[in-house]
Amino acid sequence: AVVSTQSGHYGRGKESGAISIQQCKIKFSLNKENSMPSGLGSYKSKESNKLIEEFMLKANVSVAEKLIEHYPDNAIIRRHSGPKENVLKETKKVLERMGIEMDTTSSKMMQEALNLLQHAPNQPTSVGLVVASLLAKCMSLATYHSSGEFDSPTDYFHYGLSMELYTHFTSPIRRYPDLIAHRQLQAILEGKKIGPMDFDEVSELAELSSQKKYASKLASDKSGELFLWLFLREQIAMHEPASVVDIGSESIDVLVLRYGVQVRIWRDYIGENIEFQAKEKHWAHITWPAEGDKKKCSKRYELLDNVVVIMKAGKQLFKINGALPRPDSTDELHVPNLEGFASEDV
């Protein structure tokens, strides 16, 4: 995933301190006869998508301000408390082991550090993908609330967008909180002093909506994992560009760059009679024996190294097995280029 810090035409850019995390997203083509995945690719976000997103953000903020002005105790709002501190602390340690220092004291400082990282001369694209993937895991999910739940307006703050006040209004066909916002705005336009729902109703529906939002995200993530497993089950193997993100005593973890999927490569899946030496969290050294007309060869792997991962479906549902090709055979493999990124929903 790539973290973009220049997404804002209307104050969402680096001046405002907002962070837009763009995750690689898999899209599947389905067999018309049995609805099983028959192909996959990366979702591409176009400039027109980003422009529409900016207008939607502007509309959401404008409606939130109007709702708070007229119904300060029961307006529907969307709040983001920021990163999970314990996870962020561990992520900083991982980044330091990768040789990356990042100021995470605020969203603005994090954004500036990311911007410098992404535009550093001769910086591989994979570095930005890995760092953004790690940071995405640090972020808590935004939640819905009734404005009356908080003692101070400063508690309304949306960390990810760096906005003092925010709500969801623009997608009533797919989100219930947007319907609440529409009904409250309609009441305001009709001159009603009391909103269509009291504090308890808005608060209860906001909590339920947050729970359903989280459940839908889990379902979406698992659906993607399942479809990837089903697709791989019908393939001999897939060769994908990846980057090393962690090293264990018996394994190497890689991020599959086109799809944002993390795969663990166990030494047993690398090959027979290989030698595997590792210093956890730092490096692994693998030696392959002579095989046919190929001589004995070896390679050292470190964090952020770009590699080719061989992906296969495991016997267990959702399980994806990863392997590393011999260093003297990678030129024989067809490895696709990186392409396409899509924004996280806020």
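Preceding block: the structure.
Not measured: the values here are computed from a predicted model. (Residues numbered from 1 in each chain as written. Predicted model: local features only at pLDDT ≥ 70, side-chain atom pairs only at ≥ 80, totals over all residues. Heavy atoms only, no water.)

Which residues make up the overall build of the chain, and what values go with them?
Looking only at helices and strands, the chain features seven helices and 15 strands. Dimensions along the principal axes, computed over C-alpha positions, put the chain at roughly 85 × 50 × 35 Å. Here the chain holds 346 residues, and 45% of them are scored as buried. In the chain, the proportion of contacts linking residues at least 24 apart, taken out of those at least 6 apart, comes to 67%. Surface accessibility of the chain: about 18600 Å² in total, with carbon and sulfur atoms responsible for 50%. Where the 43 positive side-chain charges of the chain centre and where its 46 negative ones centre are 4 Å apart. (Helix = DSSP H or I, 4+ residues; strand = E, 2+ residues; numbered from the N terminus. Buried < 20%, exposed > 50% of the residue type's maximum accessible area, 1.4 Å probe, protein only. Contact = heavy atoms within 4.5 Å. Areas by Shrake-Rupley, 256 points an atom, 1.4 Å probe, with all protein chains shown as cover. Lys, Arg positive; Asp, Glu negative; His and termini not counted. Charge placed at Lys NZ, Arg CZ, Asp CG, Glu CD.)

Go over the environment of Phe-150, please, and point to the residues and values.
Positionally, Phe-150 belongs in the loop between strand S6 (143–146) and helix H5 (176–189). Sequence separation of Phe-150 and Ser-107 is 43 residues, and the distance between their C-alpha atoms is 22 Å. Not counting residues within four places of it along the chain, the set of residues in contact with Phe-150 comprises Ile-77, Arg-79, His-145, Asp-155 and Tyr-156.

Which residues make up the sheet that holds strand S10 (residues 275–279), and what values go with them?
Read from one edge of the open sheet, three strands run S10-S11-S12, paired in antiparallel fashion. Of all strands in the sheet, those bounded by a partner on one side alone are S10 and strand S12 (297–302). Going across the sheet, the axis of each strand differs from the next one's by a mean of 10 degrees, ignoring polarity. (Pairing = 2+ DSSP bridges. Axes fitted to C-alpha atoms, helices over the stretch in contact; angles between N-to-C directions.)

So what's going on with the packing of helix H3 (residues 107–118) against helix H4 (residues 125–138)? Which residues, and what values?
In the contact formed by H3 and H4, the axes pass within 10 Å of each other and the chain directions differ by 160 degrees. Relative to H4, H3 is oriented roughly antiparallel. Of H4, the residues touching H3 (which contributes Met-110, Leu-114 and Leu-117) are Val-127, Val-131 and Leu-135. Split by residue class, the contact of H3 with H4 holds six nonpolar, no polar and no charged. (Parallel < 35°, antiparallel > 145°, perpendicular 65-115°, else oblique. Nonpolar A, V, L, I, M, F, W, Y, C, P; charged D, E, K, R; others polar.)

Which residues make up the pattern of salt bridges, and what values go with them?
The final tally for this structure, using the stated rule, is 14 salt bridges. Between Glu-47 and Lys-50 there is a salt bridge, with its nearest N and O atoms 3.6 Å apart. Linking Glu-47 with Lys-50, this pair stays in helix H1 (residues 47–70), spanning three residues, or about one helical turn. Residue Lys-50 is classed as partly exposed on the basis of its relative accessible area of 27%. (Salt bridge = Lys/Arg side-chain N within 4 Å of Asp/Glu carboxyl O.)

Tell me about the nonpolar core, and please be specific about residues and values.
Core analysis: the biggest nonpolar cluster contains 53 residues, and Met-98, Val-131, Ile-252, Val-254 and Ile-286 have the highest contact counts within it. Looking at this core, the element that brings in the most residues is H4, giving seven residues. In this structure Met-98 touches Val-130, Leu-134, Val-244, Val-245, Leu-303 and Leu-304, once residues within four positions along its chain are discounted. Judged by nonpolar contacts, the second largest core, of 21 residues, contains Ile-68, Phe-150, Phe-169 and Ala-206. (Core = buried A, V, L, I, M, F, W, Y, C linked by side-chain atoms within 4.5 Å.)

Please provide a residue-by-residue account of the packing of aromatic side chains, values included.
For the coordinates displayed, the defined rule picks out two aromatic pairs. Between Phe-150 and Tyr-156, the aromatic rings sit 6.2 Å apart at their centres with planes inclined by 75 degrees, giving edge-to-face as the arrangement. Classification of Phe-150 by relative accessible area gives buried; the value is 17%. We classify Tyr-156 as buried; its relative accessible area is 8%. Over the ring of Phe-318 we find Lys-222; its NZ or CZ atom is 4.9 Å from the centre of that ring. (Phe/Tyr/Trp six-rings, centres within 6.5 Å; stacked < 30°, edge-to-face > 60°. Lys NZ or Arg CZ within 6 Å of the ring centre and 35° of its normal.)

Can you tell me about a nonpolar patch on the surface, naming the residues and giving the values?
On the surface, Leu-141, Tyr-214 and Leu-218 cluster together into a nonpolar patch covering about 280 Å² of accessible area. Mapped onto the fold, Tyr-214 is located in helix H6 (residues 199–233). (Patch = residues over 30% accessible without salt bridge, like charges linked within 9 Å, V, L, I, M, F, W, Y side chains within 5 Å.)

I'd like a rundown of a negative patch on the surface, residues and numbers included.
A contiguous patch of negative charge on the surface is contributed by Glu-149, Asp-198, Asp-200, Glu-201, Glu-204 and Glu-207. As for its placement among the helices and strands, Glu-204 is situated in helix H6.

How would you sum up the side chain of Ser-171? Please name residues and give values.
Considering the arrangement of structural elements, one finds Ser-171 in the loop between S6 and H5. With relative accessibility at 8%, the residue Ser-171 sits in the buried group. Ignoring anything within four residues of it in the chain, the contact list for Ser-171 reads Met-56 and Asp-178.

So, the sheet that holds strand S8 (residues 251–256): which residues are in play, and what are the values?
As summarised here, the arrangement of the five strands in space is S9-S8-S7-S13-S14, forming an open sheet in which the pairing is antiparallel. Strands with a single pairing partner mark the edges of an open sheet, and in this sheet they are strand S9 (261–266) and strand S14 (320–323). Each strand of the sheet is rotated relative to its neighbour by a mean of 45 degrees, with strand direction disregarded. Note that strand S7 (residues 238–247) and strand S13 (residues 306–313) share six bridges and pair antiparallel. Bridging across to S13, Pro-241 finds its partner in Val-308.

From the geometry alone we can't say anything about function, so treat these as descriptive.
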